[in-house]
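The chain contents come next:
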Amino acid sequence: MLTPHRRHSFEAPSLTAMLSGDHKEIDHLFTIAQTSLDSGRWDAACTALDRIWMRLAVHIRAEHKVIFPVLEQTHPDLRRPLQTLHEDHDAFMTVLAGAVKALRDPSPEIASIQAAIEALKLRLTAHNALEEASIYPAADRLPPDQVTAMLEEAARELNFLPSRYGS
């Protein structure tokens, strides 16, 4: 079940600020997951990775529903980078789902899980840098009324997390 969690507000000064802030929050969850893995707390690591999966899911949904379609129409020069970002999104969700599933195994292969998460984190860092340097600023340069509408809609998407996120 999805429930609104009121984490984001459309009063953010820009799409770049709002979505980059979301990147930072997701990065913090990665730190929690890594600390939990390093200390052998598999349940805590599993919970953190599941939360990352949920947060990325709503973040990606906001980009796919709100930001990317507008940019595909208004900035044809961004179509190729947007396609790359779509492919990254699919990979991120697949790796995270696999890591959560693997951690629930009675005898998880921690080294492979950590390697998968490290590779994902490297790819995510480059991915976020592209979004923050090119994609979000392009969206912020659209007409102000369009940016305001996108901020409102993106905030709604980011707030709509599965109910298990809060537990």
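Throughout this description, residue numbers start from 1 for each chain and increase along the sequence as written. The model is predicted, so local features are restricted to residues of pLDDT at least 70 and side-chain atom pairs to those at 80 or more, both for listing and for counting; the totals for chains, interfaces and linings are taken over all residues. No hydrogens and no water enter the side-chain calculation; it runs on all heavy atoms of the structure.

Where an unreviewed UniProt entry is consulted, the chain appears under the name Hemerythrin-like domain-containing protein, with the organism given as Geothrix limicola.

Participant: Explain the nonpolar core to me, please; I cannot follow it from the model alone.
Facilitator: The tendency in soluble globular proteins is for nonpolar side chains to be buried side by side. What we call a nonpolar core is a set of buried Ala, Val, Leu, Ile, Met, Phe, Trp, Tyr and Cys residues that are connected through their side-chain atoms within 4.5 Å. The cut-offs for exposure are 20% and 50% of the maximum accessible area for each residue type, with area from a 1.4 Å probe on protein chains only; residues under the lower value are buried, those over the upper are exposed, and the others partly exposed. Grouped together as the largest cluster of nonpolar side chains are 27 residues, with contacts concentrated most on Phe30, Leu49, Ile52, Leu56, Leu96, Leu103 and Ile117. Every helix listed is a DSSP run of H or I at least four residues long, and every strand listed is a run of E at least two residues long, numbered separately from the N terminus. Residue assignment for this core shows that the elements contributing at least two residues are α1 (15-38), α2 (42-74), α3 (79-103) and α4 (110-140). When residues in this core are grouped by element, the largest group, 9 residues, is from α2. If we ignore the near neighbours within four places in the chain, the residues touching Leu103 are Leu37, Trp42, Ala45, Cys46, Leu49, Pro108, Ile110 and Ile113. We call two residues contacting when some pair of their heavy atoms lies within 4.5 Å.

Participant: Honestly, the UniProt feature "domain: Hemerythrin-like" (unreviewed entry) in the chain in this entry has me stumped. Any pointers?
Facilitator: Summarizing the sequence annotation, UniProt attributes the feature "domain: Hemerythrin-like" (unreviewed entry) to residues 16-139 in the numbering used throughout. In this annotation, residues 16-139 is assigned 90% helix and 0% strand; the end-to-end C-alpha distance for the span is 8 Å. UniProt positions are given in the numbering used here, feature names are shortened, and annotations may be inferred rather than shown by experiment.

Participant: Looking at this structure, how should I read the packing of aromatic side chains?
Facilitator: Each aromatic ring pair is described using two quantities: the centre-to-centre distance and the angle formed by the ring planes. What counts as a ring pair is set by centres within 6.5 Å for rings of Phe, Tyr and Trp (its six-membered ring), and what kind of pair is set by the plane angle: stacked under 30 degrees, edge-to-face over 60, tilted for all other angles. According to the stated counting rule, one finds 0 aromatic pairs in the structure shown. Think of it as a cone above the ring: NZ of Lys or CZ of Arg counts as a charge over the ring if it is within 6 Å of the ring centre and within 35 degrees of the ring normal. We note Arg51 situated over the ring of Tyr165; from NZ or CZ to the ring centre the distance is 5.2 Å.

Participant: Explanation requested: the packing of α2 against α3 in the structure shown.
Facilitator: The angle between two axes is taken between their N-to-C directions and runs from 0 to 180 degrees, where each axis is a line fitted to C-alpha atoms and a helix contributes only its stretch in contact. Where α2 contacts α3, the axes come no closer than 9 Å and their chain directions differ by 160 degrees. The orientation of α2 with respect to α3, classified from their angle, is roughly antiparallel. Crossing hand, α2 versus α3: left-handed. Asp, Glu, Lys and Arg are counted as charged, while Ala, Val, Leu, Ile, Met, Phe, Trp, Tyr, Cys and Pro are counted as nonpolar; the rest, among them Gly, fall into the polar class. Tallied by class, residues from the contact of α2 with α3 come to 20 nonpolar, 3 polar and 4 charged. If an angle is under 35 degrees, it is roughly parallel; if it is over 145, roughly antiparallel; if it lies from 65 to 115, roughly perpendicular; otherwise it is oblique. Here is the rule for handedness: rotate from the far helix to the near one, and if that takes an anticlockwise turn smaller than a right angle the crossing is left-handed, while a clockwise turn gives right-handed.

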